[in-house]
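# Overview (structure and organization)
Residue-level listing of the chains:
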Amino acid sequence: MADFGIGVPDEIARLSLGHSEEPPPPPPQKDVPGVIPVDITRAFRQACGTLEPGQLIKDGFFTLFESVSALEIMDPKMDSGCVASGDEFDELYDVSKPLLPEEVLGIIDELLCHEMSWHMGYPLSQTLLTNVYVEALSMPDPATIELASFVRDRPELEKDQPMLQVLRAYCLGMLKSCAYVNHRVKSEHYYEEEDFVTNTYNRTLLTRIPTADIRNAIDQARDLLTTEKDKLGDQLFDALSARLQFRKVFLDAAESPQHMKNPKLAQAPWLAALPLLPVIKTTHSIGKPVEDAFSAKLQRKLASTMPPRAIVKLEFDDAFAHLSRLFTDGSELIDVLNYHDSQSLLTFVRNFQSKKPQPLVYIRTLLQTFLFDSMQVLGSMSIRQLLDDDFSIITLPASQLLDRDNDEIEAIQDIRFTMSQQLELFRQRAAQPFLDIFRTFCQNRCRVRRTLCHVIRDWENLQFDAEDIDDFLQKAAQEHPRIQQNSSGSGLSEPMHSLPLSSWAFLYKIRMMEEIVQLGFELEVYQPDEIAGMYWYLNYLAKSRLQHTERIKSFVVQKVDEARHRSGGIDATVEKQLHRSLSHIRLSLLDAAVTWELSDALASLYLVLNRLHLIKPVNRPYSTDKLRYDLRMKPFAPIGLPALPTFAEFTASTLQEDVASADLLEQASRSILGAKKGLETMAKLSDEDSFSVGSHAQWTANVKRTLKSCIATSLAITTLQKAMANSQTSSGPLPFKADIPDPEKTYHEWWLVPSISSA
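Residues numbered from 1 in each chain as written. Predicted model: local features only at pLDDT ≥ 70, side-chain atom pairs only at ≥ 80, totals over all residues. Heavy atoms only, no water.

Naming follows an unreviewed UniProt entry, where the chain appears as Mak10 subunit, NatC N(Alpha)-terminal acetyltransferase of [Torrubiella] hemipterigena. Turning to the chain, the UniProt record has this under Subcellular location (unreviewed entry): "Cytoplasm". As its UniProt record puts it under Sequence similarities (unreviewed entry), the chain is described as follows: "Belongs to the MAK10 family." (UniProt positions renumbered as here; feature names shortened; annotations may be inferred.)

Here you go:
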C-alpha cells in the first residue's frame, strides 16, 4: 500500500473498515507535480513489530500544542477556522443597510437579552460580541465619538438613516455601561469561575471615548426620534424613546460610586429607570427579530484560545425579570450609605445578600465598593470609627478605652497612654477579620459558607490576642473582679473580669459558627438522617451564645448602675450609649433563645422520625457514623471555645436512647412555645431596637418567616403525637410519611420543617 510518506498495514485498514459494506475510499493520486510517493508499508510493519503491547512512541519535536492542534483541525467543535462546505468564513451582513423601526426595536431587545446573559455569568463572546453592529462599532477601537460608526469609511450612510443613528446611540450607551460594570466587578472580590466573566477578548468597550460624548449621542438620537414621531407613530416612538432614555439612565447608574457622599444623587438614576421598565416590557411585542444580526462566526475574530461556542439564548421575559431585579436591588442598595450604627450596617448587608434570588454579581461588587473603597467605609468613615462604634454597642458602652482624648496623652506612665496604645494594637489586628465578615457576605451563598469556615479561624486567633490585651489592660487599670452567685445558690462563683475585647471577638466567632451550620441547611449540605444531629449542634452553639451574652449583660448592667448612682447624674451621650448597648443585649438574648428553642424542637422532631423509620438513611457502603461526624465538624475542629463535642457525646446527645419518643415530642412542644413567644416579641421591635435601620422591613419579614416555621413545626409535632397515640391501639407501622421539603419551598431556608401526612 503506497501513500504520500505514510503506509498503512492491511490489517489496520481492515480493522478500520470493520464489517462495513461501503467501498474503501479511492487511493490518492500519485501523479502530482513535485511529489514523489514512497511505499513505506514494509518498513512500517517492521517498526510496529518491535513495539511491546501498549507501548507508545512520540517524536521529541512533536509538542503538546501540535498534538492538540492536530486533534482540532477540521473539527467544527474545536477548529475556529473550519468552514462547512458552501459556507462563508466571515459574516457578510451589511451593517449599512436600512432598517425598519420594528427591526431596530427587535435588535435592541435582543441586545438587552444578551446583556443580561452576560450579567448572569456568560462570557461576552457568546452574548454581546456576537452582534454585527457591536463588532462594527468596536473594531478597530474608536478613539473618538466620530470614529464610533458602523461604517468607518462612509459615516454619511448613517446620517441619512435615522434608525441606524438610534441603534448606534443605543449600542454606544450599552457598551460604555458594560465597560463600567466590567471595571467595577474586576475591582472587587468575586469568583470568575462561578460569578462573572470579565474577559473582553481584546475589545475595549469604548473606554477611550468620554462618557459625556456618549450621553450627547443618545440625546441627539432622542431629538432625531422626535422629528420622526409622525412617521413612527406613538407606540414605536414611545418604545424607542424609552429604550434610549433607559440606556442613558443605566450609564448614569453605572457611575454611581462617585456619588457615595450624596446618597440621593447616587440613588436618582436607579429610581429613574424603574418607570421605564414597564414601557420596555409592554412594547416588546411590536419589535421584529433580526436573526442575521447575530452570528457565532464573529467569535473567530476575538482574541481567545477557546473554539466557537453557541450563542446564549435567553428569553426576553427571563431577561426582563433579571433586569427589573437589577434596578430594584440597585435602588435598595444605595440605602446602605445612610449609616446609623455598625450593627444596623451588618444587618443590612446580611439581609440584602440573603434575598431570594440573590442580587446579581454587579450589585454585590457595588456593595463592596461602598463598604471598602479607598480604605473608607461608605465613603466617609474610617475603619477605626466603625470598629469603635461596634465596641461601644457590644461590650464597651461609654468606656474610657474609646475616649479619643487618650490619643493625646504622651506620658507613658499614664494609664490613658496604655489604653490608647493597646486598643490601637487590637484595632490593627481586628480590622481585617472584621471587614472580612462584610466582604464574605457579599459573595454567592456557597462561597459565604465556605469562606466563613476559614474566617472563624482568624477570629479564634484574634480572641487569643484579645485575651492577652484584656489581661494587660486589666492589670494596668487595676480592675476589680465581679463576684456572681451560682445559679444553684450554693455558693459564690469564681471572680469574673469583664474581658471586653475577647468577649467581643468570641461573640462574633460563635455567631459565625451558627451561620455555617444554618447555611448548611439552606445549601442542602446535610443528608436527611443527619439533620437531627446538626440541629442538635446548632442548639449547642446557641446555648453557648446565650450564656456568653448573659455574661456580657452582667457587666453592662453593672456599668449602668454605677452611672446612675454617680454624682451629677448621667450625661446624655453616656445614657444614649448605655441604652443602645442594653438594647443590643436584649436583641442578642432573644435571637439566641429563639435559635436555641427552635433548633431543640426540630432536633427532637427529626430524632423521633428517625426512630420511627419515617426518614430512611441513605445507603452508604463506604461510610461510617464516625467519618461523617468528622466531616461535618471539620470546620469547627480547630476552635477551642466552644469546645467541640466528642463523637461519643454527639452520639449520645443526638440519640437520647434513655428518653421516650413521646417525651421528646412533649419537650419539643414546650421549646416551640418559647420560640414563638420570643419571635412575637422580636417582631414588635422598632428599627433602632432591632438594629435594622435601613432594612427594617426585610428584618421583620425574616422574623415572620421564622415564626411561620415555628407554627409549621408545632403542627408537625401535633400530627406526629396523634399518629403515635393512635398507633398504640393498632399494630404495624405508622400509616404516615415524612417529607423533607427543599429549602426554597420552606418558610425559611434555615428551618427545614418536615411535612407529615398520611401514607
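There's more to say after this.
The subject of this paragraph is the overall build of the chain. In terms of helices and strands, the chain carries 25 helices and two strands. Classification of the 759 residues of the chain by burial places 49% in the buried group. Sequence separation of at least 24 residues holds for 77% of the intrachain contacts in the chain that already meet a minimum separation of 6. Per element, the accessible surface of the chain, about 37700 Å² overall, is 54% carbon and sulfur. (Helix = DSSP H or I, 4+ residues; strand = E, 2+ residues; numbered from the N terminus. Buried < 20%, exposed > 50% of the residue type's maximum accessible area, 1.4 Å probe, protein only. Contact = heavy atoms within 4.5 Å. Areas by Shrake-Rupley, 256 points an atom, 1.4 Å probe, with all protein chains shown as cover.)

Within the secondary structure, Asn202 is located in the loop between helix H7 (162-187) and helix H8 (211-227). Exposure remark for Asn202: the relative accessible area of 57% places this residue in the exposed category. Taking the C-alpha atoms as reference points, Asn202 and Ala303, 101 residues apart in sequence, are found 5.8 Å from one another.

Glancing now at the nonpolar core. Grouped together as the largest cluster of nonpolar side chains are 206 residues, with contacts concentrated most on Tyr133, Phe246, Trp459, Trp504, Tyr535 and Leu720. Among the elements that take part in this core, helix H21 (residues 572-611) stands out by supplying 16 residues, more than any other. If we ignore the near neighbours within four places in the chain, the residues touching Tyr535 are Phe521, Ser599, Leu602, Ala603, Tyr606, Trp750, Trp751 and Leu752. (Core = buried A, V, L, I, M, F, W, Y, C linked by side-chain atoms within 4.5 Å.)

Okay, the pattern of salt bridges next. By the definition in use, this model includes 33 salt bridges. Its salt-bridge partner being Glu135, residue Arg203 comes within 3.0 Å of it at the nearest N-O pair. In this pair, Arg203 is assigned in the loop between H7 and H8 and Glu135 in helix H5 (residues 132-138), connecting sequence segments 68 residues apart. Across the pair, Glu135 and Arg203 agree in class, each one buried. (Salt bridge = Lys/Arg side-chain N within 4 Å of Asp/Glu carboxyl O.)

Interhelical geometry of helix H4 (residues 101-119) versus helix H10 (residues 234-254) gives an angle of 35 degrees and a closest axis separation of 10 Å. Here the hand of the crossing between H4 and H10 comes out left-handed. For the pair H4 and H10, the contacting residues are Pro101, Glu102, Val104, Leu105, Ile108, Asp109, Leu112, Glu115 and His119 in the first and Leu236, Ala239, Leu240, Arg243, Phe246, Arg247 and Phe250 in the second. Residue composition of the contact of H4 with H10, grouped by class: ten nonpolar, one polar and five charged. (Axes fitted to C-alpha atoms, helices over the stretch in contact; angles between N-to-C directions. Left-handed = near helix turned anticlockwise from the far one by under 90°. Nonpolar A, V, L, I, M, F, W, Y, C, P; charged D, E, K, R; others polar.)

What follows covers the packing of aromatic side chains. Within this structure, the stated rule accounts for 28 aromatic pairs. Relative to Phe327, the ring of Phe250 lies with its centre 5.1 Å away and its plane at 70 degrees, an arrangement referred to as edge-to-face. You can see Phe250 sitting in helix H10 and its partner Phe327 sitting in helix H13 (residues 316-333), a full 77 residues away along the chain. Judged on exposure class, the residue Phe250 and its partner Phe327 are both buried. Between Phe434 and Trp504, the ring centres sit 5.8 Å apart and the planes meet at 40 degrees, which makes this aromatic pair tilted. Of this pair, Phe434 sits in helix H17 (residues 415-440) while Trp504 sits in helix H19 (residues 500-522), placing them 70 residues apart in sequence. Each member of the pair, Phe434 as well as Trp504, is classed as buried. (Phe/Tyr/Trp six-rings, centres within 6.5 Å; stacked < 30°, edge-to-face > 60°.)

Our focus in this paragraph is H7. For H7, with 26 residues, the first-to-last C-alpha span of 38 Å sits near the 38 Å given by 1.5 Å per residue. Summarising burial for H7: 20 of the 26 residues are buried, a large majority. (Expected span 1.5 Å × (residues − 1).)

Glancing now at the side chain of Glu514. Among the secondary structure elements, Glu514 is positioned in helix H19. By relative accessible area, which is 3% here, Glu514 ends up buried. A polar side-chain atom of Glu514 sits 2.5 Å from a polar atom in the side chain of Arg545. Ignoring sequence-local partners within four residues, the contact set of Glu514 consists of Leu538, Leu541, Ala542, Arg545 and Thr595. (Polar contact = N/O pair within 3.5 Å; in protein donor to acceptor, adjacent residues only side chain to side chain.)

The N-to-C vectors of H4 and H7 enclose an angle of 10 degrees; their axes lie 10 Å apart at closest approach. Relative to H7, the element H4 is oriented roughly parallel. In contact with Pro101, Val104, Ile107, Ile108, Leu111, Leu112, Glu115, Trp118 and His119 of H4, H7 contributes Met163, Val166, Leu167, Tyr170, Cys171, Met174, Cys178, Val181 and Asn182. Of the residues assigned to the contact of H4 with H7, the class counts are 15 nonpolar, two polar and one charged. (Parallel < 35°, antiparallel > 145°, perpendicular 65-115°, else oblique.)

Bringing the environment of Ser604 into the picture now. Position of Ser604 among the secondary structure elements: in helix H21. Look at Ser604 and you get buried, because its relative accessible area is 2%.

Per-chain confidence: the chain averages 89 in pLDDT, with 90% of residues scoring 70 or above. Averaged over each element, pLDDT in the chain is lowest for helix H1 (residues 10-17) (40) and highest for H19 (98). Confidence drops under pLDDT 50 across residues 1-20; counting only partners more than four residues distant or on other chains, this segment forms 29 contacts. In this model residues 487-492 is a low-confidence stretch, pLDDT under 50, and it forms six contacts with partners more than four residues away in sequence or in other chains. (pLDDT = per-residue confidence, 0-100.)

A cluster of acidic residues, Asp403, Asp405, Glu408 and Glu410, forms a negative patch on the protein surface. Positionally, Glu410 belongs in the loop between helix H16 (383-394) and H17. In this structure Glu410 comes out as exposed when scored by relative accessible area, which is 72%. (Patch = residues over 30% accessible without salt bridge, like charges linked within 9 Å, V, L, I, M, F, W, Y side chains within 5 Å. Lys, Arg positive; Asp, Glu negative; His and termini not counted. Charge placed at Lys NZ, Arg CZ, Asp CG, Glu CD.)

Residue placement: Thr746 occurs in the loop between strand S1 (736-739) and strand S2 (755-758). Here Pro743 takes part through its backbone oxygen, which lies 2.6 Å from a polar atom of the side chain of Thr746. Look past the residues within four positions of Thr746 in its chain and what remains in contact with it is Pro741, Trp751 and Leu752.

In this chain, Met139 is followed by Pro140 through a cis amide linkage whose omega measures -10 degrees. With respect to the secondary-structure elements, Pro140 resides in the loop between H5 and helix H6 (156-159). Note the cis peptide between Lys356 and Pro357, where omega equals -5 degrees. Along the chain, Pro357 turns up in the loop between helix H14 (342-353) and helix H15 (361-372). Residues other than glycine seldom take positive phi values, yet Leu206 does so here, at roughly 60 degrees. By the element assignment, Leu206 lies in the loop between H7 and H8. We note that Gln478 has phi near 55 degrees; this positive angle belongs to a residue other than glycine. Mapped onto the elements, Gln478 comes out in the loop between helix H18 (445-477) and H19.

When the terminal C-alpha atoms of H14 are compared, their 17 Å separation across twelve residues agrees well with the 16 Å that a helix rising 1.5 Å per residue should span. A large share of H14 lies buried, amounting to twelve of its twelve residues. Every buried residue of H14 is accounted for by Ser342, Gln343, Ser344, Leu345, Leu346, Thr347, Phe348, Val349, Arg350, Asn351, Phe352 and Gln353. The opening residue of H14, the one whose side-chain oxygen lies 3.1 Å from the backbone nitrogen of Gln343, is Asp341.

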